[in-house]
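Survey of secondary and tertiary structure
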Amino acid sequence: MDLCCGAGGFTQGAVQAGHVSYSAIDFDAEAIACHARNHPNCRHVHGALPEELPEFPTDGFWHLHASPPCQQVSSAGQHYKAEDASRTRDLIAWCIELVREKRPTSWSLEEVVSPDVYVVLEAYKKAFPDHVDYHRVNTAYYGLPQERTRVLAGSPFLIQRLRRLEDRGKLVPVSSVIYCPPGHVLHNNCLNSEGSKGPDANITSVLTRSVDQPCYTIMANYPPSWFTEDGHRRARLTPKETAAIQTFPADYRFPENNTLAQRLIGNAVPPALSEALLSDYCPPLSSRWDDWESDTDSEFPSWSPTSVTYKRRKAQENQSTRHLKQQTLVWGC
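Remember, predicted model here, so these are calculated numbers, not experimental data.

Before going further, it helps to spend a moment on the overall build of the chain. When its secondary structure is counted, the chain shows 9 helices and 11 strands. Going through the 333 residues of the chain one by one, you find that 49% of them count as buried. Working note: accessible area of the chain is about 17,000 Å², and carbon and sulfur atoms make up 50% of it.

The sheet built from 7 strands is open, its strands ordered β3-β2-β1-β4-β5-β7-β6 with mixed pairing. With partners counted over all chains shown, the strands left at the sheet margins are β3 (43-46) and β6 (133-138), one partner each. Contacting β1 (2-3), β2 (23-26) and β3, helix α2 (residues 29-38) crosses the sheet at an angle of about 170 degrees to β3. Packing against the sheet, helix α5 (residues 156-165) makes contact with β4 (63-66), β5 (106-111), β6 and β7 (149-154), and its axis sits at approximately 30 degrees to β6.

Looking now at the packing of aromatic side chains. The final tally for this structure, using the stated rule, is 7 aromatic pairs. Centroid distance Phe-56 to Trp-62: 6.2 Å. Interplanar angle 70 degrees. Geometry classified as edge-to-face. The pair formed by Phe-56 and Trp-62 is uniform in burial state, with each residue classed as buried. The interplanar angle of 50 degrees and the centroid separation of 4.8 Å between the aromatic rings of Phe-248 and Tyr-252 together place this pair among those described as tilted. This pair shows no difference in class: Phe-248 is buried, exactly as Tyr-252 is. One aromatic cluster is present, formed by Phe-248, Tyr-252 and Phe-254 through successive ring pairs. A cation over an aromatic ring shows up here: Lys-102 above the ring of Phe-56, its NZ or CZ 4.6 Å from the ring centre.

Once that is clear, we can look at the packing of α5 against helix α8 (residues 271-278). Remark: α5 packs on α8, axes separated minimally by 8 Å, with the N-to-C direction vectors making an angle of 110 degrees. As far as their axial angle goes, α8 and α5 are roughly perpendicular. At the point where α5 passes α8, the crossing takes the right-handed sense. Here Leu-158, Arg-161, Leu-162 and Leu-165 of α5 lie close against α8, whose contacting residues are Ala-276, Leu-277 and Leu-278.

Following Leu-49, the chain continues to Pro-50 via a peptide bond in cis, the omega torsion being 0 degrees. Counting through the fold element by element, Pro-50 comes out in the loop between β3 and β4. The phi torsion at Cys-4 lies on the positive side, around 55 degrees, for a residue other than glycine. Its location among the elements puts Cys-4 in the loop between β1 and α1 (9-16).

To continue, consider the pattern of salt bridges. This model, assessed by the stated rule, comprises 11 salt bridges. Glu-101 is paired through a salt bridge with Lys-102; the nearest N and O atoms lie 3.7 Å apart. Taking the relative accessible area as the measure of exposure, Lys-102 reaches 30% and is therefore partly exposed. The closest approach of N and O atoms between Arg-161 and Asp-280, which form a salt bridge, is 3.8 Å. Here Asp-280 lies in the loop between α8 and α9 (308-332) and Arg-161 lies in helix α5, a separation of 119 residues in the sequence. You can call Arg-161 buried: its relative accessible area is 14%. A single salt-bridge network, built from bridges that share partners, covers Lys-125, Asp-133 and Arg-163.

Ranked by size, the top nonpolar core spans 29 residues in total, and within it Leu-3, Trp-107 and Leu-121 carry the most contacts. Of all the secondary structure elements, the ones that give two or more residues to this core are β4, α3 (82-102), β5, α4 (115-127) and β7. Here the element with the most residues in this core is α3; it accounts for 6 residues. Apart from the residues lying within four places of it in its own chain, the contact partners of Leu-121 are Ile-92, Ile-96, Val-132, Tyr-134, Val-151 and Ala-153.

This brings us to the sheet that holds strand β9 (residues 208-210). The strand order across the open sheet formed by 4 strands is β9-β8-β10-β11, and the pairing between neighbours is antiparallel. Each of the sheet's edge strands pairs with one partner strand only, and the pair in question is β9 and β11 (233-236). Sheet twist, expressed as the average angle between the axes of neighbouring strands with direction ignored, equals 30 degrees. Of the pairings in the sheet, the one linking strand β10 (residues 225-227) to β11 comprises 2 bridges and is antiparallel in character. Looking at β11, one finds that Phe-227 is bridged to Arg-233.

This part is about the confidence of the model for the chain. Here the chain averages 82 in pLDDT, and 77% of its residues register 70 or above. A low-confidence stretch, residues 323-333 (pLDDT under 50), is modelled with 0 contacts involving residues beyond four sequence positions or located in other chains.

Procedures and definitions
Residues numbered from 1 in each chain as written. Predicted model: local features only at pLDDT ≥ 70, side-chain atom pairs only at ≥ 80, totals over all residues. Heavy atoms only, no water. Helix = DSSP H or I, 4+ residues; strand = E, 2+ residues; numbered from the N terminus. Buried < 20%, exposed > 50% of the residue type's maximum accessible area, 1.4 Å probe, protein only. Areas by Shrake-Rupley, 256 points an atom, 1.4 Å probe, with all protein chains shown as cover. Pairing = 2+ DSSP bridges. Contact = heavy atoms within 4.5 Å. Axes fitted to C-alpha atoms, helices over the stretch in contact; angles between N-to-C directions. Phe/Tyr/Trp six-rings, centres within 6.5 Å; stacked < 30°, edge-to-face > 60°. Lys NZ or Arg CZ within 6 Å of the ring centre and 35° of its normal. Parallel < 35°, antiparallel > 145°, perpendicular 65-115°, else oblique. Left-handed = near helix turned anticlockwise from the far one by under 90°. Salt bridge = Lys/Arg side-chain N within 4 Å of Asp/Glu carboxyl O. Core = buried A, V, L, I, M, F, W, Y, C linked by side-chain atoms within 4.5 Å. pLDDT = per-residue confidence, 0-100.

Following this line, the structure appears as structure tokens:
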């Protein structure tokens, strides 16, 4: 099962690992349509969690995965408000509570790296150590031609497998999946640093990388650009090229609109990552799996915002408020 399935990256990896796609749900009509084109035998629901739910298996071994949309608290963003952090924590907690209710054989959850994500996962791991674990992964350490850092939570036996598979010594370059690349250097268009954009961009900056290295994170917007060896900018990477870096099969069908296709590709879980997670699937046959009783008597924390970005924004707002009050006093005089 795939909750917030997007274009189907996690599902594709699960199928490659030998699993069968049972059901999927997403609130994005274009995403669920893309998933349906590539996984026609899956049961599809177009709707938003938690109001809508897909059909759940009733017997046998089954895995539940969720990728709740929490880009609002991503480090790639600028600032976010308290309600963004609260919504993120609530949605992650809801997903884990759904796991507690439905009792799948195993489960996983993929999220952006954020203190607001960690605080919820740590609370559940402390309360349910036999059922909850998490690990920060960099996809480049799992044989993917891309550096993409995410948090993967789930059944401890799966997260332990991820830790065992992590290999920092063998990195896969972009040139291994894009043959005869049109440039020798990739330029990251997502970071707005001085001199990093425009026709006179400084390609010797830290925002450039050789095609003989893993790519930058493929985002929903602003894919990297090709540069020739002598410093001439060429076109941005096409959806076909970014899909290859995201490890989608060459015959995976995305929308014809390039902007829409890039959004779906950038938001997807790389199939090779979920394939690594679910290959050699051997869940422990333990009666303790049915016991979701908390190992701690303490209450969960209130989950007040912990993000440095949020705190910085709040400090700026407070400073602006104080400055406004001072102006008001002066004008009142």
